[in-house]
Amino acid sequence: MGIFLDSVNIDDVRKAMELGFVSGVTTNPSLMAKVSESPRKVIEQICGISVGPVFYQVTADTPEEREKEGREFHAINPDKVMLKIPATTENMALVAKLKPDIRCAVTAVFSGHQAYVACEAGARYLIPYVNRATRLMGDGCSLVAEIASVVETLEGPAEILAASIKSPSEAMNAVLAGAHHLTLPLDVLLSLGNHPLSDQAIAEFNQNSGRSHQ
Ligand code: G3P
C-alpha cells in the first residue's frame, strides 16, 4: 500500500514528504498547466524532494512522439520517474513497447476491459478516477472493484492506484473496493488521520488530565 500526493506544487510536495508516510507524487497535465515552470523543471524539482516514484503523464500528439517524450522524462531520474500513459488501445501498444525498458502506469482507466488489456500490455499501475467515475458513471468504487477483480483473475502484477479522490470517506471506500494505493490532493491527505470524535476524545483527555494534576 502507498499514499501518494497528487500535486505539482513544490510546497505541497515538501509538506507531504515531511509527514513521513507519503510514498511519492503524481502529476497530470491539468496540474502542470497551472504552474509557470516547464514540466521538465517541475519533474526535476519533485524528484529532488520525493522519497519515491514521481508520475509524469505523456502528452505528445503521436505514439512516436509520446514514446520519445516518455523516454526523455524517464531519463531525468530512471529510479523515480514513472510514466503515465492514458488508456487507449494505441497507447496500450506503447506500454507494451516500452515494457522491456520502462514499466508504465495506465491512467484514466474507466472499465474492466481497459484494465485487462493494460495488464496484458505489462502495465505496472492501473489508475482509475474514482470521483470522476462516480460523477459520470454512478459509482467510482464499483469501477475500482471491477478493476481489482481483473487484476486478481490475472494474478497481478499490476497494482491499482486510485485517483480523483475528494474526501477521506471516498479514499477509504476506494481501498475497501480493492485499490492498492491512493493519490490525494494535500487537503484530503492531511485530513485522513483526523476525525471530530478523536478531537473530542483528545480534548476530554486533556481536560481530565489537567484536573487530575490540580
Ligand atoms: O490525475 C488525474 C486525477 O487526479 C483526476 O482527478 O478531479 O480531475 O477527476 P479529477
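The structure contained in this document is the topic of the report that follows. (Residues numbered from 1 in each chain as written. Predicted model: local features only at pLDDT ≥ 70, side-chain atom pairs only at ≥ 80, totals over all residues. Heavy atoms only, no water.)

Further remarks concern the site of the ligand. Near the ligand the following residues occur: Asp6, Asn28, Lys84, Tyr129, Arg132, Arg135, Ala163, Ser164 and Lys166. Contact between the ligand and serine 164: an oxygen atom at 2.8 Å from a side-chain N or O atom of the residue. One of the side-chain N or O atoms of lysine 166 is found 2.3 Å from an oxygen atom in the ligand. Compared with its free state, where it exposes 310 Å², the ligand has 83% of that area covered by protein. (Near = heavy atom within 4 Å. Polar contact = N/O pair within 3.5 Å; in protein donor to acceptor, adjacent residues only side chain to side chain. Areas by Shrake-Rupley, 256 points an atom, 1.4 Å probe, with all protein chains shown as cover.)

On to unusual backbone geometry. Located in the positive-phi region is alanine 108, a residue other than glycine, with phi close to 60 degrees. Topologically, alanine 108 is positioned in the loop between strand E5 (105-107) and helix H6 (112-121). Unusually for a residue other than glycine, serine 164 sits at a positive phi of about 55 degrees. (Helix = DSSP H or I, 4+ residues; strand = E, 2+ residues; numbered from the N terminus.)

In total, this model carries seven salt bridges according to the counting rule given. Measuring nitrogen to oxygen at the nearest pair gives 2.8 Å for the salt bridge that ties glutamate 67 to lysine 97. Of this pair, glutamate 67 sits in helix H4 (residues 63-76) while lysine 97 sits in helix H5 (residues 89-98); the two residues are 30 residues apart in sequence, bridging distant segments of the chain. Aspartate 101 is the salt-bridge partner of arginine 71, the closest N and O atoms lying 3.1 Å from each other. Here arginine 71, found in helix H4, pairs with aspartate 101, found in the loop between H5 and E5; they are 30 residues apart in sequence, far enough to count as distant. Looking at aspartate 101, the relative accessible area reads 52%, which means it is exposed. If you follow the salt bridges from partner to partner, you end up with Glu67, Arg71, Lys97 and Asp101 in one network. (Salt bridge = Lys/Arg side-chain N within 4 Å of Asp/Glu carboxyl O. Buried < 20%, exposed > 50% of the residue type's maximum accessible area, 1.4 Å probe, protein only.)

Turning to helix H3 (residues 39-49), a few remarks are in order. Listing the buried residues of H3 in full gives Val42, Ile43, Ile46 and Cys47. Along the axis of H3, the buried residues cluster in a sector spanning 130 degrees; they form a single face. Looking at the buried positions of H3, the neighbouring elements they touch are helix H1 (10-19), strand E2 (24-26), helix H2 (29-32), strand E3 (54-57), H4 and strand E4 (81-86). (Arc of directions from axis to C-beta. Contact = heavy atoms within 4.5 Å.)

In terms of burial, strand E1 (residues 2-6) is a largely internal element, four of the five residues being buried. With four bridges joining them, E1 and strand E8 (residues 181-184) adopt parallel strand pairing. Note on E8: the bridge partner recorded for isoleucine 3 is leucine 182. Handedness of the crossover is the feature at issue here: the chain leaves E1, passes through H1, returns alongside E2, and the resulting connection is right-handed. (Pairing = 2+ DSSP bridges. Right-handed = clockwise from strand over helix to strand, strands pointing away.)

Another point: the sheet that holds strand E7 (residues 159-162). Strands sit in the order E1-E2-E3-E4-E5-E6-E7-E8 around a closed barrel of eight strands; the barrel is parallel. The mean angle between the axes of side-by-side strands here comes to 30 degrees, regardless of whether they run parallel or antiparallel. In the sheet, E5 pairs with strand E6 (residues 125-127) via three bridges, with the strands oriented parallel. Each bridged residue has a counterpart across the sheet, and for alanine 105 the counterpart in E6 is tyrosine 125. (Axes fitted to C-alpha atoms, helices over the stretch in contact; angles between N-to-C directions.)

A word on the side chain of threonine 27. Looking at the secondary structure, you find threonine 27 in the loop between E2 and H2. Taking relative accessible area as the criterion, threonine 27 reaches 0% and is therefore assigned buried. Within the structure, the side chain of threonine 27 is placed 2.7 Å from the backbone oxygen of phenylalanine 55, a separation counted as a polar contact. In this view, threonine 27 contacts Asp6, Ser7, Val8, Met32, Ile43, Ile46, Phe55, Tyr56, Gln57 and Lys84; residues no more than four positions away in its chain are not counted.

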